[in-house]
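An overview of the molecular structure
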Amino acid sequence: MTEDPFVAHRSLLFTVAYEMLGSAADAEDVLQESWLRWADVDQSQVREPRAYLVRTVTRQALNRLRTLSRSREDYVGEWLPEPLLTTPDVAEDVELAESVSIAMLTVLETLGPTERAVFVLREVFEMPYGEIAEAIGKSAATVRQIARRAREHVAARRPRVRVSRTEQQVVVERFLASLRTGQLQELLEVMAPDVVLIADGGGLAAAALAPIHGAELVATVLARANQVVTAFETMTVWLNGAPAGRFEIDGEPTAVSLVVENGRVTRIYLMRNPQKLTRLDELAEIAR
């Protein structure tokens, strides 16, 4: 029996939805809605199932994204994407790994729903303008304009330096080792002077409500976190296609993703909202 196209392309469809939404839970809901629509279609009349399914998922994700955009305005503190546990293999596709990185997903959050959909479909999945136009209900000419604006917007905000997996892993391990000791000087040495810490507790876990700027202040905050808990354990994991960290703070999970430039940490994404950390023991399957 031939495998159902939805099952065959599920990893791709999940990745499209996740990159548009920044939430694995919402992406799974979108896939469920898309599956129900696919089940009602006369599949013998669908000439290109992959393209058809991507369009379906895109439309459902756009609907969900417009709803989420309104609700996220009331979010407590900073909003960060839901981290995904991945394998090191994901990093072998450099473009895919960059597109699902916490840093990139945070940048995509600054785009409007339509701009985000166009950017993801064009820049990440290289979909033709005509197919994107059909998926979002715009003309191909309009899609080209949206794609150009979105590309410029993202280029101005994304990390400008790519580092190797080895360099990223070395810096991540140094950072985690510094956290375990809680030594200010060690933290200061691994961070750039203008480092920024962004934390997401969602009102459900202790976290700074606004970004913290500067190495001395960030180091002080992180060292204090080490001192006020009864148990502080760290481990290196692969999150969203890159080496990252996972803490156990008094038994509560925390994930950290780092942007590394010139051997030092320039940005720290600290994810503490427990609703976003339920999948840290479950490998996510992402694909292009």
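Analysis parameters
- Residues numbered from 1 in each chain as written.
- Predicted model: local features only at pLDDT ≥ 70, side-chain atom pairs only at ≥ 80, totals over all residues.
- Heavy atoms only, no water.
- Helix = DSSP H or I, 4+ residues; strand = E, 2+ residues; numbered from the N terminus.
- Buried < 20%, exposed > 50% of the residue type's maximum accessible area, 1.4 Å probe, protein only.
- Areas by Shrake-Rupley, 256 points an atom, 1.4 Å probe, with all protein chains shown as cover.
- Lys, Arg positive; Asp, Glu negative; His and termini not counted.
- Charge placed at Lys NZ, Arg CZ, Asp CG, Glu CD.
- Axes fitted to C-alpha atoms, helices over the stretch in contact; angles between N-to-C directions.
- Parallel < 35°, antiparallel > 145°, perpendicular 65-115°, else oblique.
- Left-handed = near helix turned anticlockwise from the far one by under 90°.
- Contact = heavy atoms within 4.5 Å.
- pLDDT = per-residue confidence, 0-100.
- Phe/Tyr/Trp six-rings, centres within 6.5 Å; stacked < 30°, edge-to-face > 60°.
- Lys NZ or Arg CZ within 6 Å of the ring centre and 35° of its normal.
- Pairing = 2+ DSSP bridges.

**Thoughts on the overall build of the protein**
Counting secondary structure elements, the protein contains 12 helices and six strands. Each principal axis of the C-alpha distribution contributes one length, and for the protein these read about 65 × 40 × 40 Å. Within the protein, the proportion of its 288 residues that are buried is 49%. Carbon together with sulfur atoms contributes 48% to the accessible area of the protein, which is approximately 13600 Å² in total. In the protein, 32 side chains carry a positive charge and 41 a negative one; their mean positions are 7 Å apart.

**Comments concerning the packing of helix H2 (residues 10–21) against helix H7 (residues 113–124)**
Relative orientation and spacing of two packed helices are given, respectively, by the angle between their axes and the distance between those axes. One way to put it is that H2 packs onto H7 with a least axis distance of 9 Å and a crossing angle of 135 degrees. What the angle tells us is that H2 and H7 run oblique. For the pair H2 and H7, the sense of crossing is right-handed. Residues Val16, Glu19, Met20 and Leu21 of H2 pack against Arg116, Ala117, Val120, Leu121 and Val124 of H7.

**Let's talk about the confidence of the model for the protein**
The pLDDT averaged across the protein works out to 91; a share of 97% of its residues lies at or above 70. No element of the protein has a lower mean pLDDT than helix H12 (residues 215–228), at 82, and none a higher one than strand S2 (residues 212–213), at 98.

**A short note on the environment of glutamate 173**
Here glutamate 173 shows up in helix H10 (residues 165–181). Relative accessible area serves as the criterion here: at 37%, glutamate 173 is assigned to the partly exposed category. Each C-alpha atom, one on glutamate 173 and one on proline 243, is 8.8 Å from the other, the two residues being 70 residues apart in sequence.

**A closer look at the packing of aromatic side chains**
For any pair of aromatic rings, the description rests on two quantities: the centre-to-centre distance and the angle between the ring planes. A complete count under the given rule lists three aromatic pairs for this structure. The interplanar angle of 50 degrees and the centroid separation of 5.8 Å between the aromatic rings of tryptophan 38 and tyrosine 52 together place this pair among those described as tilted. Of this pair, tryptophan 38 sits in helix H3 (residues 24–39) while tyrosine 52 is found in helix H4 (residues 49–72), placing the two residues 14 residues apart along the sequence. Exposure remark for tyrosine 52: the relative accessible area of 25% places this residue in the partly exposed category. Stacked on the ring of tyrosine 129, the Lys or Arg arginine 122 has its end atom at 4.1 Å from the ring centre.

**A word on the pairing of strand S6 (residues 264–271)**
Extensive coverage of S6 is indicated by the burial of six of its eight residues. Direction of pairing for strand S1 (residues 191–200) relative to S6: parallel, over a ladder of six bridges. Considered in S6, the bridge of alanine 199 is made with leucine 270. Alignment of strand S5 (residues 252–261) against S6, held across seven bridges, turns out to be antiparallel. If you follow glutamate 261 over to S6, its bridge partner there is arginine 264. Two successive antiparallel strands, S5 and S6, enclose a turn made up of two residues, where asparagine 262 displays a positive phi of approximately 55 degrees.

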